[in-house]
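Structural overview
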Amino acid sequence: MERVLLVVDDNVNARIVCQVLLDSRGEPPTLYTRGAVANGSALGVGRSSVVLMDARLWQKGDIQELQGTLASLRNSESEPVGLLVVTDKPERLREVGLDHLVNGVLRPNEVGGRLLAEIDALRTVSIPFSHGSTMPQGTPEER
């Protein structure tokens, strides 16, 4: 997978850390804040290899925007697109029916140490939307 959609679930600080890490590596992301799909900007998805999107994964409108952005990326590319989500509530992905689309999940406190390695690992995968090894293990109480 050459391109990755990186979704940050309602955490401005984690999004900023993601953006700074990608910028520091010389790989500035295309950034979509809330409302990107609604105002049509997702149709002109940039050529960045990482698209960074803010979302509130408990709100129907944001989930629809995420699905629209992912569809736009997939339709504009011949290569598969990986989906990496940063959230402090990974169970939310299952609750809203997105867990089958996600390749990997990071918690906000893991972003600094693991983000770039996770993106690189996704790029070596040739099958889209296979659940990655980055899904948190154990029950919510153990995490």
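Structure: see above.
Quick look at the pattern of salt bridges
- Scanning all chains against the criterion turns up 9 salt bridges.
- The shortest N-O distance in the salt bridge between Arg25 and Glu27 comes to 3.0 Å.
- Of the charged contacts, one joins Arg25 and Asp120 as a salt bridge, the two residues approaching to 2.9 Å between their closest N and O atoms. Placement of the pair is Arg25 in the loop between α1 (12–24) and β2 (30–32) and Asp120 in helix α4 (residues 111–123), with a sequence separation of 95 residues.
- A relative accessible area of 35% places Asp120 in the partly exposed class.
- The network of salt bridges with common partners includes Arg25, Glu27, Asp120 and Arg123.

Structural notes on α4
- With 13 residues, α4 extends 17 Å from end C-alpha to end C-alpha; this agrees with the ideal 18 Å at 1.5 Å per step.
- Buried residues of α4: Val111, Leu115, Glu118, Ile119 and Leu122, and no others. Along the axis of α4, the buried residues cluster in a sector spanning 100 degrees; they form a single face. Seen from the buried face of α4, the exposed residues on the opposite side, beyond 90 degrees, are Gly113 and Ala117.

Topic: the environment of Val105
- Within the element layout of this structure, Val105 appears in strand β5 (residues 104–106).
- For the pair Val105 and Glu118, spaced 13 residues apart in sequence, the C-alpha separation works out to 9.2 Å.

Quick notes on the sheet that holds strand β1 (residues 3–9)
- If you walk across this open sheet you meet the 5 strands as β2-β3-β1-β4-β5, and the pairing is parallel. The sheet terminates laterally at β2 and β5, the two strands that pair on one side only. The average angle at which neighbouring strand axes cross in this sheet is 20 degrees, direction not considered.
- As defined by bridge partners, β1 adjoins strand β3 (residues 50–55) across 6 bridges and the pair is classed as parallel. Paired with Val8 across the two strands is Asp54, which belongs to β3.

Examining the side chain of Ser49
- Here Ser49 is to be found in the loop between β2 and β3.
- Residue Ser49 is classed as buried on the basis of its relative accessible area of 17%.
- Looking at Ser49, its side chain comes within polar contact range of the side chain of Glu27, at 2.5 Å.
- Once residues within four sequence positions are removed from consideration, Ser49 is found in contact with Glu2, Arg3, Val4, Glu27 and Arg123.

Some words on the environment of Leu31
- Among the structural elements, Leu31 can be located in strand β2.
- By relative accessible area, Leu31 is classed as partly exposed at 34%.
- Measuring from C-alpha to C-alpha, the distance between Leu31 and Asp54 comes to 8.2 Å, with 23 residues separating the pair along the chain.
- When neighbours within four sequence positions are excluded, Leu31 is seen to be in contact with Arg15, Gln19 and Leu52.

Calculation rules
- Residues numbered from 1 in each chain as written.
- Predicted model: local features only at pLDDT ≥ 70, side-chain atom pairs only at ≥ 80, totals over all residues.
- Heavy atoms only, no water.
- Salt bridge = Lys/Arg side-chain N within 4 Å of Asp/Glu carboxyl O.
- Helix = DSSP H or I, 4+ residues; strand = E, 2+ residues; numbered from the N terminus.
- Buried < 20%, exposed > 50% of the residue type's maximum accessible area, 1.4 Å probe, protein only.
- Expected span 1.5 Å × (residues − 1).
- Arc of directions from axis to C-beta.
- Pairing = 2+ DSSP bridges.
- Axes fitted to C-alpha atoms, helices over the stretch in contact; angles between N-to-C directions.
- Polar contact = N/O pair within 3.5 Å; in protein donor to acceptor, adjacent residues only side chain to side chain.
- Contact = heavy atoms within 4.5 Å.

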